[in-house]
Each structure stands twice: as C-alpha cells, then as structure tokens.
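Each chain, letter by letter, is given below.
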Amino acid sequence: MICDVLWQVCLDCGDNAFIVKDTGRKRCCCCCCWRAGGKRRQTRQPFGRGGKPYSNSMSRLKRAAQMDSLAGFRAEKKEQAVPSGLLKAARKSGQLNLSDRGLTEVPQEVYRLNVDPPEDARQNVSFGASDRWWEQTDLTKLLLSSNQLTHLSDDIRLLPALVTLDLHDNKLSSLPSALGELQELQQLRLSNNQLRSLPVELCSLKKLSSLTLQQNLQESLPEELGQLQNLTQLDLSNNRLKLLPSSLGCLTRLQKLNLSNNQLSSLPDSLARLCNVKLLDCSKNQLTDVPAGLSEMSALEQLYLGHNKLRLLPKLLAPALKELYVGNNHIEQLQAEQLACLTAISLLELRDNKIKILPEQIALLSTLTRLDVTNNDITTLPASVSLLPNLKVLLLEGNPLRGIRRDLLTKGTNELLTYLRGRIKEDPERTDEGPTAMTLPSQARVNVHSIKTLKLLEYRSKQAAHVPDELFDAAAGLSVTTVNFSKNQLTCTPPRLQEFLSSLSDINLAFNRLSCCSDLCKFLQLVHIDLRNNQLSDLPSDMKNLTKLSSIILSYNRFKSFPEVLYHVVSLETVLLGNNQVDKVDPQRLMKLVRLSTLDLSNNDLLSIAPELGLCTSLRSLSLEGNPFRAPRAAIVARGTDAVLEYLRSRIPT
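Keep in mind it's a predicted model, so treat the numbers as computed, not measured.

1. A few points about the pattern of salt bridges
(1) Moving on: Under the definition given, this model contains 12 salt bridges.
(2) Moving on: Among the ionic pairs, Arg496 bridges to Glu499, the shortest N-O distance being 2.7 Å.
(3) Moving on: Linking Arg589 and Glu564 is a salt bridge whose minimum nitrogen-to-oxygen distance equals 2.4 Å. Taken together, the residues span a long stretch of sequence, with Arg589 in helix H10 (residues 587–590) and Glu564 in the loop between strand E23 (551–553) and strand E24 (574–576) at a distance of 25 residues.
(4) Moving on: Arg589 gets classed as partly exposed once you look at its relative accessible area, which sits at 23%.
(5) Moving on: Through salt bridges with shared partners, a single ionic network connects Asp469, Asp473, Arg496 and Glu499.

2. Thoughts on the packing of aromatic side chains
(1) Moving on: Summed over all chains, the structure comprises 4 aromatic pairs.
(2) Moving on: Plain terms: the ring middles of Tyr304 and Tyr325 are 4.4 Å apart, the flat faces sit at 5° to each other, and that makes the pair stacked. In this pair, Tyr304 sits in strand E14 (residues 302–304) while Tyr325 sits in strand E15 (residues 323–325), placing the two residues 21 residues apart along the sequence.
(3) Moving on: Taking the relative accessible area as the measure of exposure, Tyr325 reaches 17% and is therefore buried.
(4) Moving on: Seen in terms of ring centroids, Phe562 and Tyr567 are 4.9 Å apart; in terms of plane orientation they differ by 35°. Their pairing is tilted.
(5) Moving on: We classify Phe562 as buried; its relative accessible area is 4%.
(6) Moving on: According to the relative accessible area criterion, Tyr567 is buried, its value standing at 8%.
(7) Moving on: Sitting over the face of the ring of Tyr459, Lys462 holds its NZ or CZ atom 5.8 Å from the ring centroid.
(8) Moving on: Over the ring of Phe511 we find Lys487, and its NZ or CZ is 5.6 Å from the ring centre.

3. Looking at helix H12 (residues 641–650)
(1) Moving on: Of the residues making up H12, those classed as buried are Thr641, Ala643, Val644, Leu645, Tyr647 and Leu648.
(2) Moving on: Close packing links the buried residues of H12 with strand E26 (621–623) and helix H11 (634–638).

4. Some thoughts on the sheet that holds strand E19 (residues 456–458)
(1) Moving on: Ordered in space as E19-E20-E21-E22-E23-E24-E25-E26, the 8 strands form an open sheet in which the pairing is parallel. The two strands at the open ends of the sheet, each matched to only one other strand, are E19 and E26. The sheet shows a mean angle of 5° between the axes of neighbouring strands, taken without regard to direction.
(2) Moving on: With 3 bridges joining them, E24 and strand E25 (residues 598–600) adopt parallel strand pairing. Considered in E25, the bridge of Val575 is made with Leu599.

5. Quick word on helix H3 (residues 84–93)
(1) Moving on: Taken residue by residue, H3 has Leu87, Ala90 and Arg91 as its buried positions. Buried residues of H3, viewed axially, fall in a sector of 100°; they line one side.
(2) Moving on: Next to the buried residues of H3 lie strand E6 (95–97) and helix H4 (108–111).
(3) Moving on: Directly beyond the C-terminal end of H3, a positive phi value near 80° is found at Gly94.

6. Some points on the environment of Val373
(1) Moving on: By secondary structure assignment, the location of Val373 is in the loop between strand E17 (370–372) and strand E18 (393–395).
(2) Moving on: Its relative accessible area of 0% is what places Val373 among the buried residues.
(3) Moving on: Residues Val373 and Asp352, 21 residues apart in the sequence, show an inter-C-alpha distance of 7.4 Å.
(4) Moving on: Apart from residues lying up to four places away in sequence, Val373 is in contact with Leu350, Arg351, Leu358, Ile378, Leu395, Leu396 and Asn399.

Reading the values: the criteria
Residues numbered from 1 in each chain as written. Predicted model: local features only at pLDDT ≥ 70, side-chain atom pairs only at ≥ 80, totals over all residues. Heavy atoms only, no water. Salt bridge = Lys/Arg side-chain N within 4 Å of Asp/Glu carboxyl O. Helix = DSSP H or I, 4+ residues; strand = E, 2+ residues; numbered from the N terminus. Buried < 20%, exposed > 50% of the residue type's maximum accessible area, 1.4 Å probe, protein only. Phe/Tyr/Trp six-rings, centres within 6.5 Å; stacked < 30°, edge-to-face > 60°. Lys NZ or Arg CZ within 6 Å of the ring centre and 35° of its normal. Contact = heavy atoms within 4.5 Å. Pairing = 2+ DSSP bridges. Axes fitted to C-alpha atoms, helices over the stretch in contact; angles between N-to-C directions. Arc of directions from axis to C-beta.

This is the structure we're talking about:
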C-alpha cells in the first residue's frame, strides 16, 4: 500500500516534516517527534514512500547533536599578545608598560611599533581620521619587568629612541649586541636575571646614566665598562664578582656605587679617582683591607664595609664622610690616628667586632651623634664619651662592661651619659682671692638663682633620705613650678612640698624608694609626674582629680596591672609603664583616653594582646616588645606602631 506524503513544518521542532496518511491513522514523523492523537512521544524511524525507511530525513537538530558545539570556539586563532589599544596609546605617549604579563618573548609588534603602520590604518588611510598615526611619537620608555623573558631579540635596534629600558625580574641569561645601538638610552635595569656576562657593545652607550645589575650571576666585568663616563649610579650587588676592572676609576661622574654581596677580596686603587661618589657600599665581601686611596674620594659621605674580614679600622681622610659602617668584622683595636681622621663623622657603627678598649680619643669626634659598639669585648667605658656634645645614641649591649650597672644600660643614652659625667675627675681650681672668692650660684648647696629665675627647686643625686629645710626656706613665698628630687633615698613625699600646691606643675621623684604617692593628689596643677625606679605597686584613686595631668612615668616599679585610676584621667597623653609586671590591659577603657598618644608597656608580663587595642586610633607610639605574648609576632612589633595596630584590627571578629 502506497501512502500519501504531505510535507509540512513540524510544530514541535520547527524542522521540515512529513505526514504519512494510512488507513484510519494519521502520523507526523520528524527528527524527534511523532504526533498521534495530539500527544508527543519518542519517534520511530521515519518512513518514505512504500513504508521504507526515509534515510535522508535526519533533522537539523540531530545533525547538530553529532557536531561539536564548541568547534567554533576551539578554532585556532592567534591572539594578539599586546592589546591594540595599548600599542595605540604607546604611539601617542612614547611609553609602553608590559610588566607582569607572563611574556616569554617580546612580541614582534613591539619591536616594530615605530616601523609598521597600525593594522586599522591599512583599512582607513583617510588623512582626516582622528587617529593621525603617522604623527606617532617614538617609543622612549619600554617596561618589560616581571615577565618570563629568556632572551632579547636583535630587533631591539628598531627602537633607537629608547631612553629607559626595564628588563628586571626576568630569566635573561644573555643580552644581544644590538643593545649598543640604542645611543639615546639613559636607564638600563637588568636586576634579578641570570646574566653571567655583559656584551662589550653595551659599554658604548655614551648617555647611559643608571645601570642596575644586582641579583645576577656576573663573575667578571668587561674592561670597557670605563667607557660609560656618564654613569651616575651603578649597582653590581648580589653577584659573584671576584675582581673589578681597573677602568672602574674612569667613571668620574659616578655618585652611587654598590658592590655589596660579592666575593671581592680587594678593591682597585683606581677607585680613588671617583671624586663624586657619595655612597660606596662594599659590605658582605671578603675584604681584608681597603686602599688608602679612598681618602681621596672627597665627596664620600656614606661608606659601608660591614661583614668583611677587616682587622683594622681604615684610616680615612675623606673630609665629607658622615657615616661609616664597619660592623661584623674582626677589628680588635681602635687607634687614635684612625679616629682623628673622622672629622665630620656623624654615625659610627663598630658592632659585632672584637674591640676590647674604646680609646679616650673618641671624645675628639665632636660631630658624632650615634655610636654603636654592640657585641664587642669592651670591659671599661671611658668617661670622656660623655663629653661628646652631639651624641644622642650610644649602644653598648653585649659587652662585658664592669663598673656600670646592667640596669643603667637599659635606661637610655641620656641617663648613661649623665652617669659618666659624674665619674669625670676634674682638678680643683686654685683661687688666690682668699675668703672673698665668689661662689657661682650653681655651686651653692641652695641654688637661689634657679629658684628665683627658673622657678626650679632642685635637690637631686644626693642619695639623701630627706630634703633639707633650708631649701624650702629659700623658696618661701615664691611660685615654684618645677621640683626635681630624683636620685635620692626618699621613702615618702617631702611634707613641705605642700607649700607649692597652687603653682607646682612638674615633679620628678624618680630613683627613690617611694611605695606610696598619695600626697601628690593634692597638687591639682600637675602636668608631668616622673616616678620611675621606685617601689610603687598601685596609684591612689584620688589621682583622678589631676585633670591637667598630661604625662606620667612609672617605669621600673612593681605594678602588676594597668593602674585603675589612669583609666579615669582623660587628659593623659603619655603613659610609660615599661619594665613592670603588668599582665593585663583593658582596651575598651583605654579607648576613652582620647588624647593618649604614647603608651609604653614594654618588658612586662602580657600573655596576650586584645585585638580591640587596635581601635585606640589616637596612639602614635605603642611599645610592646619584651612581653611573653605570641601574637603579634616579633617581626610585626619591630615594624612599629602602625603595623601593630593594623594587625590587631585585622584580628577583631566581624
């Protein structure tokens, strides 16, 4: 029986379909449906004429099902390594930054940036176009740092106008000789690569002013390096250099020379010709001596010779030398003539050597502000050190000093220098004036001049158990504002201090034996209180009445917790509580001290630091070192207050 076939469009799938009419039934057969009685169900094989299978009736959807639907996306299409917009901008600005893009080679379109017209210009050559590509700027700055470059093509010569070329932090093992053709180049950055040598052609770059080669594998340098006579900065640190070319002395415009972290056992005498060098870093080498010619480096201000094998302090006549670092060597002796040469020295670092004696001639360094002799073998300290007029920092830790109490070393430079001045023995001056000789006000037991002029009542460093009445008698009726009774043996506040209740604003009772200070609460004008190095374990609650109190020093006492009353003195700006036994601080209450800018809790028993302490945003100086807590780590604490507060805030649960 032959069936009639009618072609229509299937309502279910939209594909071409046919309707087969047979006896009593009407079927709709297409790619995926078979309509019978208005219901949709899985189809059978479609039929053609005479009931035979219709082999060419496969629908579009079935054909699509057998195709890879992602084939169009998977088609190999070469993507442009550098966005065309970036290249377009580079033609206008003359600068191209391709740093940190994972490049393994420099794309050819970069080399030919100023040679070939842009791609879109080939389709639009209208001279009225807004993008006037023919007026492009030559590329002068090319940044290719932090990629994976293993080589640089000779095509770099196609960029002759380059002034800055940055190739640092790549994997370059060699450089093309074509670099020598970039005669406009002024800055060449090659640090953090794998370079073992430099092409001689590079030394022909007459305008090169800055060359950085640190963190490479350089074992030698070409003698032609001296041809770079416009160099002002040369960094050769962290390589494998054992010798330096003598031509280095030809770089007479050099201002900074870094040779640190190499294997140098000597320096060339030609360095003496570098008359403009201000900074010379030769640290972390194997130097046993330095050439005397360094004294001829008239502009030298900073000299780094630390971590070498020097046995003597170099004799340097450099008139401008301000900072000399010779720590971590084998120096055993300081000679007077060596020190006498340092006429302008400001910082002298001698730490981690084997120095046994610090000569008296150290006092000749009148410009010295910082002296570091940490970790040596010094047993005695000359009192003449205290005569250095500008000395601000004296570091002595790690020496077997005798005659100086260990606690004195922890109290700072000022206290130590004051102690040393007291040890200086001066010959008594002879006077021929007999009984009429004049006594200076400062030499009298009662300094009436200071009382009347400075409003200062002073009786310090007497180791006395009480203050004599004649001192108070001399100040009777005067408005004394400052009292200094430090370094005595006082066990209580002198009763007659109350004669100055209305005027006293600054009181120093440090280095006594006070166990109570309740009488101070009556002095409502107090602004500064110094009670360090006493025997206090608590403060009276009435201290909250001191509404003008700005700073209080309580270091080296016996406090086991942050004094309760201080939470209520909202005028406080400075609280020094170091070297006690404090084991807890309430940050919530501390936040109410809105003026508090300096807080010293160093060398206490704090087992933990509450994260909320980071919310004390008024703090500018927070000292926490020397406590047994684990967090924040010592490395964070060493970074300073801002780093500690930021860390603590990050730990606050949200």
